[in-house]
Amino acid sequence: MKTTSILKIAVLALPLVFSACKSHKKVAQPTVMTPEMREKADFISSVRENAQKAKFLTSKVKFSVEVGPQKLTLTGNLKMKRDDVIRLQLMAFGFVEAGRIEMTKDYVLIMDRINKQYLKAPWMSVDFLRNSGMNFQTLQALFWNELFRPNQSSLVKTNDKQVIDSIANYTILESGDDMIIGLEEGKMDYSWLASRNTALLRMANILYKDRFNGNTQLNWDYDEFKSLNKRMFPHKSAITLTTPEKEVKLGMTLNYIGADTEWETRTEISNKYREVTVDEILRRFMSL
C-alpha cells in the first residue's frame with residue numbers, strides 16, 4: 001500500500017469511527033430515590049465531575065493509522081471548541097498539511113490537501129452517517145473523555161426526578177477494580193469502563209447493531225492520564241473500528257496541550273479545490 005493511500009485512510013477513517021443514535025422511547029420513572037439509585041447516581045456524578053470544564057483544548061498530536069500489515073505514523077494538530085467544533089489536521093513529513101477533518105454540529109468537512117479535493121455535507125445528508133446514527137455530541141464526548149447520553153450535551157440535573165430520568169437507563173456492574181456503565185438505546189449498545197476508586201473513564205465501547213449488513217463496533221481506550229486544569233485527562237488514545245469488511249486501528253498521543261483561542265473555528269475552502277461526492281469519497285475509502 002502506498003503512503004498516499006494510507007494518508008487517505010488517515011483522512012477518511014476518523015469520521016467513520018464514531019456512532020450514536022436517537023432515543024426512541026421514554027419510560028415513566030418513579031420520583032423517589034432508592035438507595036440503589038442513589039449509589040448509581042453518586043458514581044455517575046463522580047464520573048461526570050472528572051470532565052474538563054475548559055471551553056477550548058488544543059494540542060500537538062502524534063497520529064497513527066493501521067490497516068492490516070500497513071501502518072503509518074503522522075503528526076498533526078487537534079483543536080476543539082466545546083459545543084462548536086472539532087478539527088484534526090494531519091501533517092505529512094512534519095510540516096505539510098495532508099488532510100483536515102472538521103466537524104461541527106451542522107456539517108462534516110473532509111479535505112484532501114494533496115489532491116485538492118473536499119467533501120462538505122450536513123451529518124444527516126450522508127447515508128453512512130445517518131444509518132449509523134453518528135452524532136456530534138457523541139463524538140465530542142469521546143474526544144473530551146466524557147460520559148454522555150445520546151443527543152444530550154450535558155448530564156447535569158438539579159433535582160431527584162431529573163437525576164432519576166438521567167440515570168434510569170444506565171446499568172452499573174462491578175468488574176474487579178473497575179465499574180462497567182452500560183446503556184442500550186435502539187440499535188446502539190454503549191459501555192464505559194471506569195475506575196472504581198478514581199471514577200476516571202478508561203474505555204468507551206459503542207456497538208451499532210445491523211442484522212442485514214453486519215455490526216460495527218468502536219472501542220476507544222484512554223491511557224496516560226495527567227493533570228490538566230486540576231483534573232486528570234488522557235494524553236493517549238487507542239481507537240479500534242471493526243466493521244464487517246475490515247478493522248482500522250487509530251492511535252492519538254497528545255503533547256503540549258493548551259487552550260489556545262486564537263484560531264479560526266471555520267475553514268474557508270479555496271476555489272482551487274474540487275468538491276467530490278459522497279460516493280467518490282466512500283469508493284476511494286473502500287478500495288484502499
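Look up: the structure comes first, before these words.
Residues numbered from 1 in each chain as written. Predicted model: local features only at pLDDT ≥ 70, side-chain atom pairs only at ≥ 80, totals over all residues. Heavy atoms only, no water.

**Q** Even after reading the chapter, I still don't get the overall build of the chain, so can you show me in this structure?
**A** Looking only at helices and strands, the chain has six helices and 14 strands in total. Residues classed as buried in the chain amount to 51% of the 288 residues present. Taking the intrachain contacts of the chain between residues at least 6 apart in sequence as the baseline, contacts between residues at least 24 apart amount to 53%. Element-wise, carbon and sulfur atoms account for 49% of the exposed surface of the chain, whose accessible area totals about 14,700 Å². (Helix = DSSP H or I, 4+ residues; strand = E, 2+ residues; numbered from the N terminus. Buried < 20%, exposed > 50% of the residue type's maximum accessible area, 1.4 Å probe, protein only. Contact = heavy atoms within 4.5 Å. Areas by Shrake-Rupley, 256 points an atom, 1.4 Å probe, with all protein chains shown as cover.)

**Q** What exactly am I supposed to notice about a nonpolar patch on the surface here?
**A** Nonpolar side chains collect at one region of the surface, where F93, F95 and V96 lie side by side and expose about 390 Å² of accessible area between them. Inspection of the secondary structure puts F93 in the loop between β3 (85-92) and β4 (96-104). Overall, the relative accessible area of 73% leaves F93 in the exposed class. (Patch = residues over 30% accessible without salt bridge, like charges linked within 9 Å, V, L, I, M, F, W, Y side chains within 5 Å. Salt bridge = Lys/Arg side-chain N within 4 Å of Asp/Glu carboxyl O.)

**Q** What is the right way to look at the pairing of strand β5 (residues 108-112) in this model?
**A** Remember that side chains alternate between the two faces of the sheet whenever the strand is regular. Counting buried positions over the five residues of β5 gives five, a clear majority of the element. Burial along β5 is two-sided: the face carrying V108, I110 and D112 and the face carrying L109 and M111 are both buried. Across five bridges, the pairing between β4 and β5 is antiparallel. If you follow M103 over to β5, its bridge partner there is V108. Where β4 folds back onto β5 in an antiparallel hairpin, the turn is made up of three residues. By the bridge criterion, five bridges tie β5 to strand β6 (residues 117-121) in an arrangement that is antiparallel. Bridging from a neighbouring strand, M111 pairs with Y118 of β6. Count of turn residues in the β5/β6 antiparallel hairpin: four residues, of which K116 carries a positive phi of about 55°. (Pairing = 2+ DSSP bridges.)

**Q** Quick question: what am I supposed to make of the nonpolar core here?
**A** Taken as a class, soluble globular proteins show a tendency for nonpolar side chains to be buried jointly. In this structure, F143 and W192 are the most contacted members of the largest nonpolar core, which totals 61 residues. If one sorts the elements of this core by residue count, helix α4 (residues 136-144) sits on top with six residues. Apart from the residues within four sequence positions on either side, W192 is in contact with E146, L147, F148, Y170, M179, I180, I181, L183, L201, M203 and A204. Ranked by size, the runner-up nonpolar core spans five residues in total, among them Y107, M111, Y118 and Y273. (Core = buried A, V, L, I, M, F, W, Y, C linked by side-chain atoms within 4.5 Å.)

**Q** I tried to follow the packing of aromatic side chains on my own but got confused; where do I start?
**A** Each aromatic ring pair is described using two quantities: the centre-to-centre distance and the angle formed by the ring planes. The tally for this structure, following the rule as stated, stands at seven aromatic pairs. Each ring, one from F148 and one from Y190, has its centre 5.5 Å from the other, and the planes form 90°; the classification is edge-to-face. With a gap of 42 residues between them, F148 in the loop between α4 and α5 (160-167) and Y190 in strand β9 (residues 188-195) connect regions that are remote in the sequence. Its relative accessible area of 3% is what places F148 among the buried residues. A centroid spacing of 5.2 Å and a plane angle of 80° characterise the contact between F148 and W192, whose relative ring orientation is edge-to-face. Taken together, the positions of F148 in the loop between α4 and α5 and W192 in strand β9 put the pair 44 residues apart, joining distant regions of the chain. The residues F148 and W192 share a single accessibility class, namely buried. (Phe/Tyr/Trp six-rings, centres within 6.5 Å; stacked < 30°, edge-to-face > 60°.)

**Q** Any chance you could explain a positive patch on the surface here in plain terms?
**A** Together, K62, K71, K236 and K249 line one region of the surface with positive charge. Locating K71 in the fold gives a position in strand β2 (residues 70-81). A residue is classified by how much of its surface remains accessible, and K71, at 53% relative accessible area, is exposed. (Lys, Arg positive; Asp, Glu negative; His and termini not counted. Charge placed at Lys NZ, Arg CZ, Asp CG, Glu CD.)

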